[in-house]
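The chain contents come next:
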Amino acid sequence: MRLKKHYENFFTHDSLTDCEKMTHPSESAPMTELAVALSQVLGPPGMLTSPSELVPYSRDATAGYMQAPAAVVFPKDVAQVAAVVNICRTHHAPIVPRGGGTSLSAGAVPVPGAVVLSLQKLDRILETDAQNLTMLVEPGVITARIDEVAATQGLFYPPDPGSIKTCTIGGNVASNAGGLCGLKYGVTRDYVLALEVVLPDGEVAWLGSKCRKDAAGYSLRDLFIGSEGTLGIVTKILLKLLPRPAAKATVLATFPDLEHAAATVSAIVAARLNPCTLEFLDQATLRCVEAQLHLGLPINAGALLLMESDGHPTAVAEEAAQMAEFACAHGALEVRQARNATEAEQLAAARRQAYPALVQAYPSAILEDVTVPRSELVAMVRFIEKTTRAHGVACAIFGHAGDGNFHPTYLTDERDSQAMKKVRMAAREIALEALRRGGTITGEHGVGLAKKSYLPLQRDAASLALLKQIKRAIDPENLFNPGKILEL
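Values in this document were obtained by computation on a predicted structure and should not be read as measured data.

Draft legend 1. Fine view of the nonpolar core. Formed by 50 residues in total, the largest nonpolar core has its most connected members in Met307, Met380, Phe406 and Tyr410. For this core, the element with the most residues is helix 15 (residues 417-436), which contributes seven residues. Setting aside residues up to four positions removed in sequence, Phe406 forms contacts with Phe280, Glu368, Asp369, Val370, Val372, Leu377, Met380, Val381, Ile384, Ile397 and Phe398. Core analysis: the second largest hydrophobic core is formed by 26 residues, Ile169, Tyr191, Leu195 and Ala205 among them.

Draft legend 2. Representation of the sheet that holds strand 4 (residues 115-118) in the model. Sheet architecture is open: four strands sit in the order 1-2-4-3, paired in mixed fashion. A single partner strand is all that each edge strand has here, and the edge strands are strand 1 (47-48) and strand 3 (95-98). Two elements, strand 1 and strand 2 (residues 71-73), share two bridges in a ladder whose sense is antiparallel. Bridge pairing in strand 2 places Met47 opposite Val73. Contacts from helix 4 (residues 78-90) reach strand 2, strand 3 and strand 4, with the element oriented near 170° to strand 4.

Draft legend 3. Representation of the pattern of salt bridges. Considering all chains together, one arrives at 22 salt bridges under this definition. A salt bridge links Glu376 to Arg437; the shortest N-O distance between them is 2.6 Å. On the criterion of sequence distance, the pair formed by Glu376 in the loop between strand 17 (370-371) and helix 14 (377-390) and Arg437 in the loop between helix 15 and helix 16 (455-458) is long-range, its members being 61 residues apart. When salt bridges that share partners are traced, they join Glu376, Glu433, Arg436 and Arg437 into one network.

Draft legend 4. Focus on the state of the cysteines. Here the structure, examined in full by the defined rule, presents zero disulfides. Cysteine Cys167 is unpaired, with the sulfur of Cys181 as its nearest cysteine sulfur at 13 Å.

Draft legend 5. Fine view of the sheet that holds strand 5 (residues 125-129). Spatially, the five strands line up as an open sheet ordered 5-6-10-8-9, and their pairing is antiparallel. Two strands lie at the open edges of the sheet, namely strand 5 and strand 9 (204-208), each paired on one side alone. When the angles between neighbouring strand axes are averaged without regard to direction, this sheet yields 10°. For strand 8 (residues 192-198) and strand 10 (residues 233-240), the ladder comprises six bridges, and the chain directions are antiparallel. Paired with Val198 across the bridge in strand 10 is Ile233. Contacts from helix 5 (residues 143-151) reach strand 5, strand 6 (134-137) and strand 10, with the element oriented near 140° to strand 6.

Draft legend 6. Just the environment of Pro158, in detail. In this fold, Pro158 is placed in the loop between strand 7 (155-156) and helix 6 (169-175). A relative accessible area of 2% means that Pro158 is categorised as buried. In the structure, Pro158 is positioned 84 residues away from Leu242 in sequence and 7.9 Å away in space, judged by C-alpha atoms. If we skip the residues at most four places from it in the chain, Pro158 touches Cys181, Tyr185, Tyr191 and Leu242.

Scoring rules and cut-offs
- Residues numbered from 1 in each chain as written.
- Predicted model: local features only at pLDDT ≥ 70, side-chain atom pairs only at ≥ 80, totals over all residues.
- Heavy atoms only, no water.
- Core = buried A, V, L, I, M, F, W, Y, C linked by side-chain atoms within 4.5 Å.
- Buried < 20%, exposed > 50% of the residue type's maximum accessible area, 1.4 Å probe, protein only.
- Helix = DSSP H or I, 4+ residues; strand = E, 2+ residues; numbered from the N terminus.
- Contact = heavy atoms within 4.5 Å.
- Pairing = 2+ DSSP bridges.
- Axes fitted to C-alpha atoms, helices over the stretch in contact; angles between N-to-C directions.
- Salt bridge = Lys/Arg side-chain N within 4 Å of Asp/Glu carboxyl O.
- Disulfide = S-S within 2.5 Å.

Functional significance is not addressed by these values, which are geometric in nature.
Written as structure tokens, this is what we have:
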């Protein structure tokens, strides 16, 4: 591969713990031919090249990974995106697409010499079609805004990542993001009807249609969802919307430990109830959230379970009551239901604030992402607790219990190489255990750099070879987000 010599050493490390040694060009270095060509298309406001300006684009939200790009560009439309791609191809420069920078897999971390292509200026909602229940958006739209605009039409965009107020829909598509409503409503892939994509040769392709049924050839749209910017740059997204639920009930239960909370979730799932949300927090997370939000949460409880039901008012009331009964039957210390929408939103905020609260409380909070079949919930909780104790790693656990998606969060300091070594050992054992129990190394964050070494543990040789064939066929020069997901 033509570019491999430029970044092969960068990707041989599990983590870049010495962030102070980030490499970048001299502040006074003259503009390169690449930079001159880009500036002619974008103008000075559309590009950053000085080292101090590049720092915020040298990493995403993943602890331990940092690398300065050669430049950051801000195209305003698909024509400028295609022009940037053509210029980078001419100069053999890697391109790293970037949305809101909230990736937790190091998926938006540049490689040496790369051009970071920020999509933040492509931030328009182009159409809300209430008749066909669709919305056409650009990739830089903040995800929360999509649901807010849909709500004005009595509609609903279900995918709701924890970072919904800061992440972009383009990043959600790139990683096939999940969220708190994933149990009932699914993930980003389930709501993407079509994509406009700039390919590595600079051509623009439209993949999909407004039709709910479309069997015309291979589902190329699905190939690009979750591809983490390694195959193309998404410039428009046609989303499916749903009618907004008529009613919603929020129930909060506290337990002596996570095992009792997990057992409650397993019982609810086995009873074939269909809540929209089943989220849990352990005590460490609970205490950090309460310190930040002051919601009056019971910080002495071992675990908290947030349960939400939505739909027809009668069905919602019945389901909420059943979930409360299951919680009581499985050792809940307290069960309470939100009295109104304001209180319900406050309780939901406790779950959404989990990771930000941990980040505020510790030098580094490294958020993991593994998923197991829901029947394995209790056993997986026990394994995570046992493994982190054995390695001497402080760990908080929260996540989407209803769909088996755990977020063990290691509370450490990324500048401490010995501490990071312990974290990596614990994380690998937990990933292996998830696979042994029929799970996956990532439920919603993607592979990126952080999980790349785990992918061969989950995929067989034939499927790995197929992934590489697809990448080589679409991006033969390996210019689009090289080194992410897999090595060629």
